[in-house]
Amino acid sequence: DMHSLALAADGAVCSWGWGLGGKLGHGDEQSQLLPKKIEAFAGRRVVAVSGGEYHSLAIAADGAFWSWGDGLRGKLGHGDQQSQPL
């Protein structure tokens, strides 16, 4: 909610919008008014992304999976309720 993710043909991922909880994946909670490339995925080929209310998800071609942002109610799937930056 209040953020967007875009997946490029080469597997690069950009995000923008409200940064609360670190859901944009830039290592902070700064909001972004323009699409900004998520550097954590440099060298990886991401094939799918999804954005939840205060969290985001990505899957790479090799099956690697990431979830980041607000972990309330266990929504990141990390076995706890901790928020996690990317």
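In case you missed it, the structure is sitting above this.
A brief structural summary. (Residues numbered from 1 in each chain as written. Predicted model: local features only at pLDDT ≥ 70, side-chain atom pairs only at ≥ 80, totals over all residues. Heavy atoms only, no water.)

**Description of the side chain of His3**
Alright, step 1. Note on placement: His3 falls in strand S1 (residues 3-7).
Alright, step 2. Given a relative accessible area of 13%, His3 falls into the buried group.
Alright, step 3. Excluding residues within four positions of it along the chain, His3 makes contact with Trp16, Gly17, Trp18, Lys23, Leu24, Gly51, Gly52, Glu53, His55 and Ser56. (Helix = DSSP H or I, 4+ residues; strand = E, 2+ residues; numbered from the N terminus. Buried < 20%, exposed > 50% of the residue type's maximum accessible area, 1.4 Å probe, protein only. Contact = heavy atoms within 4.5 Å.)

**Focus on the nonpolar core**
Alright, step 1. Grouped together as the largest cluster of nonpolar side chains are 9 residues: Leu5, Val13, Ile38, Phe41, Val46, Ala58, Ala60, Trp66 and Trp68.
Alright, step 2. Those elements that provide at least two residues to this core are strand S5 (55-60) and strand S6 (65-69).
Alright, step 3. Once you skip the residues sitting within four places of it in the chain, Trp66 turns out to touch Phe41, Arg44, Val46, Ser56, Leu57, Ala58, Ile59, Ala60 and Leu86. (Core = buried A, V, L, I, M, F, W, Y, C linked by side-chain atoms within 4.5 Å.)

**Structural notes on a nonpolar patch on the surface**
Alright, step 1. Together, Met2, Trp18 and Leu20 line one region of the surface with nonpolar side chains, adding up to about 280 Å² of accessible area.
Alright, step 2. By the secondary structure assignment, Met2 is in the segment before S1.
Alright, step 3. The class for Met2 is exposed, based on a relative accessible area of 52%. (Patch = residues over 30% accessible without salt bridge, like charges linked within 9 Å, V, L, I, M, F, W, Y side chains within 5 Å. Areas by Shrake-Rupley, 256 points an atom, 1.4 Å probe, with all protein chains shown as cover. Salt bridge = Lys/Arg side-chain N within 4 Å of Asp/Glu carboxyl O.)

**Examining the pairing of strand S4 (residues 46-51)**
Alright, step 1. Sheet analysis places S4 next to S5, joined by 5 bridges and oriented antiparallel. Bridge pairing in S5 links Val46 to Ala60.
Alright, step 2. In this antiparallel pair of consecutive strands, S4 and S5, the connection spans 3 residues. (Pairing = 2+ DSSP bridges.)

**With respect to the sheet that holds strand S2 (residues 13-17)**
Alright, step 1. If you trace the 3 strands from one edge of the open sheet to the other, you get S1-S2-S3, paired in antiparallel fashion. At either end of the open sheet lies a strand with only one pairing partner, and these are S1 and strand S3 (32-37). Adjacent strand axes in the sheet meet at a mean angle of 15 degrees when their direction is disregarded.
Alright, step 2. Relative to S2, S1 runs antiparallel, the two sharing 5 bridges. Bridge assignment links His3 to a residue of S2, and that residue is Gly17. (Axes fitted to C-alpha atoms, helices over the stretch in contact; angles between N-to-C directions.)

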